[in-house]
Amino acid sequence: MAHDDESSPFAEELAKLEGACHKTAQAIADARSVREVAALDDVEVPPHLQAIAYAKVPSLGGLRRRRDMRVEEIVKHQLSGIELERSDLVASREFDRIKAGDWYVLRANYPELYAKALREGNLILERKRKRDR
């Protein structure tokens, strides 16, 4: 009987942790900018649960991957918006706005993705300029 009393608080804490993971996962899915994703706090695992948390709460391990995938998805959407723009001047301004307003976080937290996105954005703009000549 004493074993049930000890496991119950752990079960409650694991359930709270699972709820926090689902809440964070939903916030990641709802984010519309790289800044919003980066502003989300990591789910804090209490020290006494750290040894078992990743085994008992499967969604905890997937949060980092989910966050990374969402950032990539947002960047692809931003680049496709630039690509769909007809005017190279408007596309260039939009690209500058995105770099200044959102991609500073990308540069700090995802330097490889930032370099790739910057290169792709510049290629898009160059194609637009060549097309308009």
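Whatever comes next refers back to the structure up there.
Sequence order as written defines residue numbering, which begins from 1 separately in each chain. Local features in a predicted model are, by the rule used here, given only for residues with pLDDT of at least 70; side-chain atom pairs are given and counted only at 80 or more, and totals for whole chains, interfaces and linings are based on all residues. Excluded from the side-chain calculation are hydrogens and water; included are all heavy atoms of the structure.

### Describing the environment of Arg32
Here is step 1: Helix and strand assignments follow DSSP, with helices taken as H or I runs no shorter than four residues and strands as E runs no shorter than two, numbered in order from the N terminus. Mapped onto the elements, Arg32 comes out in the loop between α1 (2–30) and α2 (34–39).
Here is step 2: Taking the C-alpha atoms as reference points, Arg32 and Glu73, 41 residues apart in sequence, are found 9.8 Å from one another.
Here is step 3: With residues near it in sequence (within four places) discarded, Arg32 still touches Arg70 and Ile74. Contacts are residue-level and defined by heavy atoms, with any inter-residue pair within 4.5 Å sufficient.

### Structural notes on the nonpolar core
Here is step 1: Residues belong to a common nonpolar core when they are buried Ala, Val, Leu, Ile, Met, Phe, Trp, Tyr or Cys residues joined through side-chain atoms within 4.5 Å. When accessible area is computed with a 1.4 Å probe and restricted to protein chains, residues below 20% of their type maximum are described as buried, those above 50% as exposed, and intermediate ones as partly exposed. The biggest cluster of nonpolar side chains holds 20 residues, and the ones touching the most others in it are Val34, Val71, Val75, Leu79, Ile82, Trp103 and Leu106.
Here is step 2: Put simply, the parts of the chain that give this core at least two residues each are α2, α4 (58–84), α5 (88–101), α6 (103–109) and α7 (111–132).
Here is step 3: Discounting residues that sit within four places of it in the chain, Val34 has contacts with Val71, Ile74, Val75, Asp102, Val105 and Leu106.
Here is step 4: Listed in part, the 12 residues of the second largest apolar core include Val43, Leu49, Ala53 and Leu60.

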